[in-house]
Structures are given as structure tokens and as C-alpha cells.
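Structural features, examined
Here is what each chain is made of, one letter per residue.
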Amino acid sequence: MSDSQPWTAAPSAAEHARSVLAASWSCAVTAEGGREEFVGAHTVADDGRVTLDVPDDSTLVAAAICAPRGEPSAVLEFADVAPVPVRSRIRARLWIAGWFVPVDGRLEFTTTRVVLRRPSGAVVVDLDEFAAAEPDPLATAEARLLTHLADCHPDAVERLTRLVDADSLHGAVRVQPLAVDRHGLTLRIERARAHGDVRLPFHAPADDVARLTECMHVLLTQASAASCPRALQRQRTDRDG
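Residue positions are given per chain, counted from 1 along the sequence in the order it is written. With pLDDT at 70 or above as the cut-off, local features in this predicted model cover only qualifying residues; side-chain atom pairs require 80 or more to be listed or tallied, and sums for whole chains, interfaces and linings still use all residues. No hydrogens and no water enter the side-chain calculation; it runs on all heavy atoms of the structure.

1. Some remarks on the pairing of strand S6 (residues 90-103)
- Pairs of strands are assigned from DSSP output, requiring at least two bridges between the strands. For the purposes of this entry, the term helix denotes a DSSP run of H or I that reaches at least four residues, the term strand denotes a run of E that reaches at least two, and both are numbered from the N terminus. As paired elements, strand S5 (residues 74-81) and S6 share eight bridges and run antiparallel to each other. Note on S6: the bridge partner recorded for Val-81 is Ile-90.
- As paired strands, S6 and strand S7 (residues 106-118) are joined by eleven bridges and run antiparallel to one another. Note that in S7 the partner of Phe-100 across the bridge is Phe-109.

So this is what it looks like as C-alpha cells:
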């Protein structure tokens, strides 16, 4: 079941892809030599170019040396995993196709195709837009921010549900913060056998953590002025009884 709320500004596909790349700590590489998982081994340049620092005995090194130059021969995969425990924690996957060139003991990747898969479907990201895009300013801090919100301020999360349409909360058993970017906060609404996501847009872009705090205060103030949805009232009554 998919929930719908009015959506305002949101990251473009290129910005989302660059955010996934900036926040990812691990990378899976599929090449002729097979598939390998690397943790903390990749770096990203300002234009999105990826460089891998891999062991000398990695089969990837041999595959890179033997692969025909200028022909796609490898795919990098990055997973965007929700930092807060929820169902279906993979929020997006990013695939980057191209080839490696060994340079000074490292593997530099030349990109030929970028594909971002989100719940709404897969989209091919324009290479020039990908290179020009910047990661969301909250991307690398998102995990810390969301876990703090979920663990230390569950009352605030519950209050924010007052901004959600009552129909979207029907049958809800748990609500958790799923994602945050400069444009808004996304809540995951879990039901007994399904789940849906609802986006709460900010009144202004949150270009840093200080501005995010301000935006969250505005949302909470709006929520405090709203009535508690009947669906949530019933949950609370059932839980108390």
C-alpha cells in the first residue's frame, strides 16, 4: 500500500544518486573476475568519479588489466540503507557501469551509465547531470540525525503524525523516521501486513544541521497545533487498555 501526501521540492535523481554515493561505506563490484564486496575502500571525487583501493591479490585487479579499454566491463553497486530499523530497509540502489584503469596501485573508474532504483522505479541518470550534481548537505549526517530522532525523541515522531492524513494512518502499528534531506522528512508508516511512506516538506531548505533544527521546530509547532488523528487515538487507547 502506498501513501500519498502533497510533495514539494525533492532531490533530483542525480542529486539522490550522488547522496547515495556520498553516504555509502561499502561497495559491491561485479566484473569478469566475479563479484567482490569492499568496505571503506572507495573514494569519490567532486565530479562523482569513483576510485577503489583494493588488495593486490584481488581478482578485480587482474580483470581491470585484462579488460578491453573503453568498453564497459564492471558494475559498481551501492545500497542506500535506512539507518533506523524498519521493514524493507533498502531505500534505493545505485548502479554505476564502466571500466577500471589501474593508476598508482589504485583502480580509477570511468563511468558510462548510472542507474538509480527507488521504490517508484528505476531511472537512468544523465552523466553530465550526475557529474555536476552535489550530494544533499545532510547526506553524511543523516544516519546520526535519524537514529537520534527515533531513539531519543519518539514523542516528537508521534507528534509529527498529526501532520499526516488520517487515512494514511489507518491500521498503523508503528511510525518511524525513514529519511531526511534538505527538502523534508519522510516517515515510514508500518501496518500489520504492509507499510507506506509519507513526506513532510520543510518550509525552507535545510542546508545544514542548524537549519534542519529550525525546520524541525517549525514542523513540530505545526503538529502541536493540529488535532491527533483518530486512527492514532484508537491505537493509543488499545495500547493503554
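On we go from here.
2. A few points about the sheet that holds strand S11 (residues 195-201)
- Sheet architecture is open: three strands sit in the order S9-S10-S11, paired in antiparallel fashion. In this open sheet, the two edge strands, each paired with only one partner strand, are strand S9 (172-181) and S11. Averaged over all adjacent pairs, the angle separating strand axes in this sheet is 25°, with direction ignored. Only the stretch in contact is used when a helix axis is fitted, and all axes are lines through C-alpha atoms; the angle between N-to-C directions ranges over 0 to 180 degrees.

3. With respect to unusual backbone geometry
- The backbone of Ser-88 shows a phi angle near 50°, a positive value even though the residue is not glycine.
- Its location among the elements puts Ser-88 in the loop between S5 and S6.
- For Ser-88, a relative accessible area of 48% corresponds to the partly exposed category.
- Of note, Asp-104 is a non-glycine position whose phi angle comes to about 50°, a positive value.
- Relative to the assigned elements, Asp-104 resides in the loop between S6 and S7.
- Judged by relative accessible area, Asp-104 falls into the exposed class, the value being 77%. Buried means the residue's accessible area, taken with a 1.4 Å probe over protein chains only, is under 20% of the maximum for its type, while exposed means over 50%, and partly exposed covers the values in between.

4. Digging into the environment of Ser-19
- Mapped onto the elements, Ser-19 comes out in helix H1 (residues 13-23).
- For Ser-19, a relative accessible area of 12% puts it in the buried group.
- Pairs of residues are marked as contacts when any of their non-hydrogen atoms sit within 4.5 Å. When residues no more than four places from it in sequence are discounted, the contact partners of Ser-19 are Pro-135, Asp-136 and Ala-139.

5. Looking at the side chain of Arg-191
- Among the structural elements, Arg-191 can be located in strand S10 (residues 184-191).
- Any pair of nitrogen or oxygen atoms within 3.5 Å is treated as a polar contact; in protein, a donor-acceptor pairing is required on top of that, and neighbouring residues in sequence qualify only through side-chain atoms on both sides. Within polar-contact distance, the side chain of Arg-191 engages the backbone oxygen of Ser-168 at 2.7 Å.

6. Thoughts on the environment of Ser-58
- With respect to the helices, strands and loops of the structure, Ser-58 is situated in the loop between strand S4 (50-52) and helix H2 (59-66).
- Residues Ser-58 and Ala-139, spaced 81 residues apart in sequence, show a C-alpha to C-alpha distance of 30 Å.
- Apart from the residues within four sequence positions on either side, Ser-58 is in contact with Glu-36 and Phe-38.

7. Structural notes on the pattern of salt bridges
- Any Lys or Arg side-chain nitrogen found within 4 Å of a carboxyl oxygen on Asp or Glu counts as a salt bridge. Under the definition given, this model contains eleven salt bridges.
- Between Glu-77 and Arg-35 there is a salt bridge, with its nearest N and O atoms 3.5 Å apart. Of this pair, Glu-77 sits in strand S5 while Arg-35 sits in strand S2 (residues 34-39), and the two are 42 residues apart along the sequence.
- A salt bridge links Arg-91 to Glu-142; its shortest N-O distance comes to 2.9 Å. Residue Arg-91 is located in strand S6, and its partner Glu-142 is located in helix H4 (residues 142-152); the two are separated by 51 residues in the primary sequence. With respect to class, Arg-91 is no different from Glu-142; both count as buried.
- Where salt bridges share partners, they join Arg-35, Glu-37, Glu-77 and Arg-93 into one cluster.

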